[in-house]
Amino acid sequence: APRPGRRGRPPHRALHLALDRAGRPARAPLAVLELKPPVAFDDIKRQYKVLAKKYHPDLNDGDKRAENRLKEINQAFGALEKLYDRAMGRRFDRD
């Protein structure tokens with residue numbers, strides 16, 4: 001049986017799966033955020049904030065590679081957040 005994550009919630013195995021807009025397997029969102037399953041959503045949010053700050057264009061003098069990396073990080077976090085909401089039974093869109 002899986003060990004409970006933070007605050008007694010079970011870790012979600014599906015968090016490392018995602019599809020891109022064309023329905024093909026995307027780069028695993030957890031890998032984009034430099035994490036490995038199982039991981040609690042609180043840890044995902046913490047890592048997202050660290051990476052978002054690290055690659056923010058204002059801190060990287062407009063570097064296009066940093067900007068593209070930040071876009072990838074934002075997409076990965078959005079996909080994980082949507083999976084988490086679905087797993088927790090939340091039925092609303094953040095789009």
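Look up a bit, the structure's there.
Everything numeric in this text was worked out from a predicted model, so none of it was measured. (Residues numbered from 1 in each chain as written. Predicted model: local features only at pLDDT ≥ 70, side-chain atom pairs only at ≥ 80, totals over all residues. Heavy atoms only, no water.)

1. As for helix H3 (residues 64-87)
Then, in step 1: The end-to-end C-alpha distance of H3, which contains 24 residues, comes to 35 Å, matching closely the 34 Å that a straight helix rising 1.5 Å per residue would cover.
Then, in step 2: Those residues of H3 that fall on the buried side of the exposure criterion are Ala66, Arg69, Leu70, Ile73, Ala76, Phe77, Leu80, Glu81, Leu83, Tyr84 and Asp85.
Then, in step 3: Looking at the packing, one finds that the buried side of H3 touches helix H1 (29-32) and helix H2 (41-54).
Then, in step 4: Sitting at the head of H3, aspartate 63 places a side-chain oxygen 3.2 Å from the backbone nitrogen of arginine 65. (Helix = DSSP H or I, 4+ residues; strand = E, 2+ residues; numbered from the N terminus. Expected span 1.5 Å × (residues − 1). Buried < 20%, exposed > 50% of the residue type's maximum accessible area, 1.4 Å probe, protein only. Contact = heavy atoms within 4.5 Å. Polar contact = N/O pair within 3.5 Å; in protein donor to acceptor, adjacent residues only side chain to side chain.)

2. Describing the nonpolar core
Then, in step 1: Of all hydrophobic cores here, the largest spans 17 residues; its most connected members are Leu30, Leu33, Leu35, Ile44, Tyr55 and Ile73.
Then, in step 2: Broken down by element, this core gets its largest block of residues, seven residues, from H3.
Then, in step 3: Beyond its immediate chain neighbours, meaning those up to four positions away, leucine 33 contacts Ile44, Gln47, Tyr48, Leu51, Ile73, Ala76, Phe77 and Leu80. (Core = buried A, V, L, I, M, F, W, Y, C linked by side-chain atoms within 4.5 Å.)

Note that all results are geometric; they support no functional claim without further evidence.
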